[in-house]
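The primary structure of each chain is shown beneath.
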Amino acid sequence: CCIYHTNDLFECPFNKVIKMNRPTDKQIEEVLAGVATPEDAKFVAEWFATEEGNTYLDAVMTREAEHLKAETAEIYVDHTIPSEKMYHQIQKNISRKQIKRICFRVAAILIPVIFLIGLYIQINSRVDLFGTTEYEEIRVAKGERIQMMFQDGTRVYINSDSWLKYPKKFGLSKREVFLVGEAYFVVAKRPFIVNLNGPSVHVLGTSFDVQAYPENKDIVICLDEGHVNLTLSSAKEYPLLPGEKLRYNKESDQCRIIKNDHSKQVSMWKDNVISFKDTPLTEVVKALNRWYNVNFKIEDEQASKYVYTLTSDNTLLEKVLQDLEKIAPVKFEYDEVRKEVTVRMKQDGKK
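As the structure is a prediction and not an experimental result, all values here were calculated from the model. The residue count restarts for each chain, going from 1 along the sequence in the order it is written. With pLDDT at 70 or above as the cut-off, local features in this predicted model cover only qualifying residues; side-chain atom pairs require 80 or more to be listed or tallied, and sums for whole chains, interfaces and linings still use all residues. Only hydrogens and water are set aside; all other atoms, that is, all heavy atoms of the structure, feed into the side-chain values.

Draft legend 1. Seen up close, empty space enclosed by the protein. Points on a 1 Å grid over protein atoms alone make up a cavity when a 1.4 Å probe fits among them but cannot get out, and a pocket when they form an open set with protein on both sides within 12 Å along at least five of seven lines; lining residues each have an atom within 4 Å of a point. Grid points are joined across faces, edges and corners, and a volume is the space filled by probe spheres set on the points. Inspection of the entire model under this criterion finds one cavity of 30 Å³ or more. Each pocket or cavity is described by its volume, and for the largest cavity that value is around 40 Å³. In terms of lining, the largest cavity is formed by Lys245, Arg247, Arg256 and Ile258. Counting only elements with at least two residues in the lining of the largest cavity, the list comes to strand S14 (244-249) and strand S15 (254-259). Class assignment for the residues of the lining of the largest cavity results in one nonpolar, no polar and three charged. The helix count covers DSSP runs of H or I at least four residues long, the strand count covers runs of E at least two residues long, and both are numbered beginning at the N terminus. Residues are grouped as follows: Ala, Val, Leu, Ile, Met, Phe, Trp, Tyr, Cys and Pro are nonpolar; Asp, Glu, Lys and Arg are charged; every other residue, Gly included, is polar.

Now the structure itself:
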């Protein structure tokens, strides 16, 4: 008897059956392309083992060989391996990798150095690293006032008839300026020194007014915020608290600190506001001389006994003189051509 399997005939113990059904062209193509199902692959492989299938497979391979491209055929052809060429190529690849490793190492060293050099250039443009900086000077004429800002953020308002000397670049640990006259400072939080030609104001994050005109016998400091010390040549120190006023007499070397209830009034000049508080006439005319760059001539000494309290944002000289005349029986006559104000008592002796 014989046993039959689907589409297949196998040998029977009693009869030889070597005939096998041929797979379809689609089945063969899928097997050769590697996309066939396991069942089809087994079926086609068994067929390839037959004489018919072997003949078919040989014909396919012969046909494919005839159509091989030259560059592809080299893979299948037995030939000598170009060992010297391969050696040079391998050496070239090794050299490239070594160069890359060296470049990475150099970059790892150079990048921090370049960063430090750039940081140094940036800092050196703002800060005096070696104490060799040059100084700038600014002179504010009578009748003028200016505002400026230093590279560290400190702002300074400079009053009329004043002189300020400052470094082009501040030092890392020291910031010092030199003042003759009056200025209002708003100091960034770092140690700061205002040198007053002997005495000096040591500052740390502070807003304050300092008046140090050479013709005045007193140096006056009014502190709004923060903390300052007036340090004398003798190394004596006088600390100030916010809202306090310090008056140092250069002749007697005496210092007096009082509570200043009108501290903001002292520095109103920086906002173009004229302000006097119980100020003697002699001090009033000094201030107006600087503010307007006009001379004052007091013809009647009796007028000097009066004091003035005045705040005015109308900075026209004629208007200010009119307001002063309302306070005391004193006459202010302004000669615009000569730029001179004559001060005398009113004839009736009344306001």
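Now, onward.
Draft legend 2. Looking closely at the packing of helix H1 (residues 25-33) against helix H2 (residues 38-48). Between the N-to-C directions of two axes lies an angle of 0 to 180 degrees, each axis being a line fitted to C-alpha atoms and, for a helix, fitted only over the stretch in contact. In the contact formed by H1 and H2, the axes pass within 9 Å of each other and the chain directions differ by 100°. Put simply, H1 runs roughly perpendicular to H2. Contacts from Gln27, Ile28, Glu30, Val31 and Leu32 of H1 reach H2 at Asp40, Ala41, Phe43, Val44, Trp47 and Phe48. Its residues assigned to classes, the contact of H1 with H2 comprises eight nonpolar, one polar and two charged. Under this scheme an angle from 65 to 115 degrees is roughly perpendicular, one under 35 degrees roughly parallel, and one over 145 degrees roughly antiparallel; angles in between are oblique. Residue contacts follow a heavy-atom distance rule, with two residues in contact if any of their heavy atoms lie within 4.5 Å.

Draft legend 3. Summary view of the environment of Asn272. Relative to the helices and strands, Asn272 resides in the loop between helix H6 (263-266) and strand S16 (274-280). Relative accessibility thresholds used throughout: buried, under 20% of the residue-type maximum; exposed, over 50%; partly exposed, between the two (1.4 Å probe, protein chains only). According to the relative accessible area criterion, Asn272 is partly exposed, its value standing at 42%. Considered as a pair, Asn272 and Thr315 are 43 residues apart in the sequence and their alpha carbons are 7.4 Å apart. Once residues lying within four places of it in the same chain are set aside, the contact partners of Asn272 are Arg145, Trp291, Asp313 and Thr315. Two N or O atoms form a polar contact when they lie within 3.5 Å of each other; inside protein one atom must be a possible hydrogen donor and the other a possible acceptor, and for residues adjacent in sequence the pair counts only when both atoms belong to side chains. Side chain to side chain, Asn272 and Arg145 meet in a polar contact 3.3 Å long.

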